[in-house]
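One letter stands for each residue in the lines below.
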Amino acid sequence: MDGINLNALSENATRLGMRIQETIAEHTRDLSLTRGGSSLFDMADDKAKNITKQLESSSDREKLDAMKRLIALISKNRPVSSYFPAVVKNVASPNLELRKLVYIYLLRCAPSEPDLALLSINTFQRDLADPSPLIRAMALRVLSGIRVPTVATIVLMAVRKSAADPSPYVRKAAALAVMKVYKLDQAHHTALLDIMTTLLRDRSPLSLGTAVLALDTIAPSRLDLLHVHFRRLCRALPDIDAWGQVDVLRVLVRYARTMLPKPVPASEKQGEEVDKDLKLLLACAEPLFMNNNPAVVLAVARAFYYLAPPSMLSKIAAPLLRLLSVSREVERVALVYLLVVARSHPVLFITSHNRLLVRGDDAEQVKRTKICVLLALCTVDNHQTLLREFVDYAQDTDDSVVGDAVHAIGRIASLVPSSTPQCLTALMGMINSKQDIIVSNAVLVLKSLVQNQLLTPSSASTMTLATSLSSQHALLTSSILSLTPSISTSLSAAPLSSTSPESTPAAQAPLSIIAQLARRIDDIRHPHARACVLWLVGQYGSVPGTGTTVEGVADWAPDVLRKAAKSFNTEVCFNPPRNSPAYVKSYQASLVKLQTLTLAAKLILLAPTHRTLVLLARHVLTLARYDEDWDVRDRARMLGALLVGAVAGVLSSNDEEGIGENWNKEEQAGRLGVVLRREQVTRVLFEGKTGTIEEEQAAGKCFCLLIFDTARFVCDYEL
């Protein structure tokens, strides 16, 4: 008996162990734990071919396995539309888990297979009455995803029914379906607005945010529908999901800017006045500054930037600075918001500029944005620190960052005039760099600074320039002022009193800077920078007296023209299509040639009797006359026409070399029209636009003056 009992007990234990093993195997198979969840993503092609057989099987276990494999293929972006007929047959399956997977598949493939999805539209309509809110919501999502205009009416009826569903999840799906119906057929706009009125009365935070988003999509101008819901939306704002908060804040900010009065800043007579509804919105939005979602924090910052009174703007600074340390992606977006705020309210971030310094591992766009932010925060107190930072950033490996940093140095000189000597020192040191990008950008910035100094009547540099003008130029000014009384004081004005050496150091005087740039013209390879140097040399290359090699011209100016003429043909200049990538390079190369022509014309006007300069100018004009670029050819023709009377009028016909006669014969032969005097051509080339010509001028002079305005626009090329 004991042996029999032991045998029976061992048999029962063996059967129990086998059943437990089978049960565990079945459950692990259902949960895809037999070989790990990754087996679905690593299946072979032969198993993918068996998916159709599994879907048509009578076993729910086989169908579940097939649907899991299909979802895995969808996640790998594989084409699965061929299985659509077999999957649709399982829409009405009693297995809830299988139906969920079927609806996930249909949500992905129904838009691409609308005709096949129409075959199961009755099943989707029946599922709208399913006891499970998840099935009802998914059925509505699939139904609204069928992009066939003929079923828009059926979908609209389903949306209207789901808008009154007791489940907030289904009502949220109804709000999303409203946007799909509107995109499918806008003829139902009125009916959709009625549905939106129902959805906006919803008290559940789960569906409220989506309802506001739907209203903003189908009727962005109907802000009047929010009148009765504004305060309730403000109070429900903290309970709405994160992305819903972003949408609701955007709509409420637009509503407040349109419907509510602006805050009145505090004054001596009365305190700050803020509308009570606006105050409610700001009070409900302020706690969201501590939200973990960066998009919500940025949305609240945007709301305070547009709506908050000045006394509350300081609350923006800390949250925006906190976002800079969340991640690199968030930092890039937050910096753009911070830049907008810093440009209009720099006081908020001035004390925190150390947190905005460029790091070596920052992305290129982040570095450039930080440089812009630091420029917006530049003041008299911190400009020394920022200047040192920008000088360091000029050694960056990214060319765009180098350009922004060098231009930022010039911007500091404009923002803080007392820092101009330090900025000029830094820029002059950069032109000695071995990096072409640093030299090019430094030359561009130096050109702007020098020109601004020379054009400022109160600056010592302007006085230095005015002293350097020739006596002939002063006589020209007096004759021009008699013709045009409205001309303002310019570079060709009468000489001003010079300043003492202490006011402007010789090394940083504008003319000294131009001389240094002129001597380094061979080291400057960037076309735009070379054109800037040529323009500066031609515009400010005149000196008084006879102590120079060429009377009236600085010693370094003719040599610059010689070098420019020597390399004239080596400048790549052609006429590619405007949409081609080579157009910009060709345009920059043509700038050098255009400025070489203008330099030759200006120098020959300053020294018309110098034989070498006249021959050099004729050589440049001859090269340009046969150039491939039509802009260069046109500039050569125009300057040649302008110089006909100017050069021939000042040269004696008895000149031993016969330069004036030859020039006159070659250039004036076959030409008809007005011949300008040297004084008039000098005004065209050396002076910028001075405004509208007064109507009181004599009728006989109007044509000449019109030529002056046209020539000034073409010749005095602003760089």
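Residues numbered from 1 in each chain as written. Predicted model: local features only at pLDDT ≥ 70, side-chain atom pairs only at ≥ 80, totals over all residues. Heavy atoms only, no water.

Undergrad: Sorry if this is basic, but what is going on with the overall build of the protein here?
TA: For the protein, the helix and strand inventory stands at 35 helices and 0 strands. By the burial criterion, 49% of the 719 residues in the protein qualify as buried. Accessible surface, the protein as shown: approximately 35,400 Å² in total, 55% of it carbon and sulfur. (Helix = DSSP H or I, 4+ residues; strand = E, 2+ residues; numbered from the N terminus. Buried < 20%, exposed > 50% of the residue type's maximum accessible area, 1.4 Å probe, protein only. Areas by Shrake-Rupley, 256 points an atom, 1.4 Å probe, with all protein chains shown as cover.)

Undergrad: Please explain the packing of aromatic side chains as it appears in this structure.
TA: In total, this model carries 7 aromatic pairs according to the counting rule given. Consider the rings of Phe84 and Tyr105, whose centres lie 6.1 Å apart with planes at 40 degrees: the pair is tilted. With Phe84 in helix H5 (residues 84-88) and Tyr105 in helix H6 (residues 96-109), this pair connects stretches of sequence that are 21 residues apart. Relative accessible area serves as the criterion here: at 0%, Tyr105 is assigned to the buried category. Geometrically, the ring pair formed by Phe390 and Tyr393 is edge-to-face, given 6.1 Å between the ring centres and 65 degrees between the ring planes. Of this pair, Phe390 and Tyr393 are both found in helix H21 (residues 383-393), 3 residues apart, which corresponds to roughly one turn of the helix. Looking at Phe390, the relative accessible area reads 0%, which means it is buried. Above the ring of Tyr306, the side-chain terminus of Arg257 is found at 4.1 Å from the ring centroid. Its guanidinium or amino end placed over the ring of Phe686, Lys602 lies 5.6 Å from that ring's centre, counting from NZ or CZ. (Phe/Tyr/Trp six-rings, centres within 6.5 Å; stacked < 30°, edge-to-face > 60°. Lys NZ or Arg CZ within 6 Å of the ring centre and 35° of its normal.)

Undergrad: Can you help me understand the environment of Tyr169 in this one?
TA: Structurally, the position occupied by Tyr169 is in helix H11 (residues 168-184). The sequence separation of Tyr169 and Arg136 amounts to 33 residues, and the corresponding C-alpha distance is 9.3 Å. Not counting chain neighbours up to four residues away, the residues in contact with Tyr169 comprise Pro133, Leu134, Ala137, Arg141 and Leu206. (Contact = heavy atoms within 4.5 Å.)

Undergrad: Teacher, can you tell me more about H6 here?
TA: For an α-helix, the turn length of 3.6 residues means that residues three or four places apart are oriented alike. With 14 residues, H6 extends 20 Å from end C-alpha to end C-alpha; this agrees with the ideal 20 Å at 1.5 Å per step. Regarding H6, the residues found buried are Leu98, Arg99, Leu101, Val102, Tyr103, Tyr105, Leu106 and Cys109. Residues of H6 that are buried sit in contact with helix H4 (60-75), H5, helix H8 (121-127) and helix H9 (133-144). The N-terminus of H6 is capped by Asn95, whose side-chain oxygen sits 3.0 Å from the backbone nitrogen of Glu97. (Expected span 1.5 Å × (residues − 1). Polar contact = N/O pair within 3.5 Å; in protein donor to acceptor, adjacent residues only side chain to side chain.)

Undergrad: Looking at this structure, I do not really get the state of the cysteines. What am I missing?
TA: Covalent bonding between the sulfur atoms of two cysteines is what defines a disulfide. On inspection of all chains with the given rule, the structure shows 0 disulfides. The thiol of Cys284 is not disulfide-bonded; the next cysteine sulfur, from Cys234, is found 5.6 Å away. Exposure remark for Cys284: the relative accessible area of 14% places this residue in the buried category. (Disulfide = S-S within 2.5 Å.)

Undergrad: Even after reading the chapter, I still don't get the pattern of salt bridges, so can you show me in this structure?
TA: Oppositely charged side chains can form a pair if their charged atoms are brought close together. In the structure shown here, the tally under the stated rule is 26 salt bridges. One salt bridge connects Lys370 with Glu331, and the closest N-O pair in it is separated by 3.3 Å. Residue Lys370 is found in helix H20 (residues 364-376), and its partner Glu331 is found in helix H19 (residues 328-344); the two are separated by 39 residues along the sequence. Owing to a relative accessible area of 1%, Lys370 belongs among the buried residues under this scheme. Residue class for Glu331 comes out buried when judged on its relative accessible area of 2%. Of the charged contacts, one joins Lys367 and Asp396 as a salt bridge, the two residues approaching to 2.9 Å between their closest N and O atoms. (Salt bridge = Lys/Arg side-chain N within 4 Å of Asp/Glu carboxyl O.)

Undergrad: Explain the packing of H19 against H20 here, please?
TA: Geometry of a packed helix pair, given as the angle between the helix axes and the separation of the axes. At a minimum axis separation of 9 Å, H19 and H20 run at an interaxial angle of 20 degrees. In terms of orientation, H19 and H20 fall into the roughly parallel class. In the crossing of H19 with H20, the sense of the turn from one axis to the other is left-handed. Counted together, Glu331, Arg332, Leu335, Val336, Leu338, Leu339, Ala342 and Arg343 of H19 and Gln365, Val366, Thr369, Lys370, Cys372, Val373 and Ala376 of H20 form the full contact between these two elements. (Axes fitted to C-alpha atoms, helices over the stretch in contact; angles between N-to-C directions. Parallel < 35°, antiparallel > 145°, perpendicular 65-115°, else oblique. Left-handed = near helix turned anticlockwise from the far one by under 90°.)

Undergrad: It is not clear to me how helix H10 (residues 152-163) should be interpreted in this structure. Could you clarify?
TA: Taking 1.5 Å of rise per residue, the 12 residues of H10 would be expected to cover 16 Å, and the 16 Å separating its terminal C-alpha atoms lies within 8% of that figure. Buried residues along H10 sit in contact with H9, H11 and helix H12 (189-200).

Undergrad: So what exactly am I meant to see when it comes to the nonpolar core here?
TA: A general trend in soluble globular proteins is that nonpolar side chains are found buried together. Judged by nonpolar contacts, the single largest core of 214 residues is most densely connected at Leu70, Tyr105, Leu106 and Phe390. Apart from the residues lying within four places of it in its own chain, the contact partners of Tyr105 are Met67, Leu70, Ile71, Ile74, Val80, Ser81, Tyr83, Phe84 and Val87. (Core = buried A, V, L, I, M, F, W, Y, C linked by side-chain atoms within 4.5 Å.)

Undergrad: Whenever I open this one, the packing of H9 against H11 confuses me. Can you help?
TA: Relative to each other, H9 and H11 sit at 5 degrees, their axes nearing to 9 Å. By the angle between their directions, the pair H9 and H11 is classed as roughly parallel. Where H9 abuts H11, its residues Pro133, Leu134, Arg136, Ala137, Leu140, Arg141 and Ser144 lie against Tyr169, Val170, Ala173, Ala174, Ala177 and Lys180. Partitioning the contact of H9 with H11 into residue classes produces 9 nonpolar, 1 polar and 3 charged. (Nonpolar A, V, L, I, M, F, W, Y, C, P; charged D, E, K, R; others polar.)

Undergrad: What is the right way to look at the side chain of Lys370 in this model?
TA: At a separation of 3.3 Å, a polar atom in the side chain of Lys370 contacts the side chain of Glu331. Leaving out residues up to four positions away in the same chain, Lys370 has contacts with Glu331, Leu335, Leu356, Leu357, Val358, Arg359 and Asp362.

Undergrad: Can you walk me through the environment of Asp115 in this structure?
TA: Mapped onto the fold, Asp115 is located in helix H7 (residues 114-118). Through-space distance from the C-alpha of Asp115 to that of Arg147 is 9.4 Å; in sequence the pair is 32 residues apart.

Undergrad: Any chance you could explain the environment of Asp165 here in plain terms?
TA: Within the fold, Asp165 resides in the loop between H10 and H11. In sequence terms Asp165 and Ala137 are 28 residues apart; their C-alpha atoms lie 10.0 Å from each other. Look past the residues within four positions of Asp165 in its chain and what remains in contact with it is Arg136, Val170 and Arg171. A polar atom in the side chain of Asp165 sits 3.0 Å from the side chain of Arg136.

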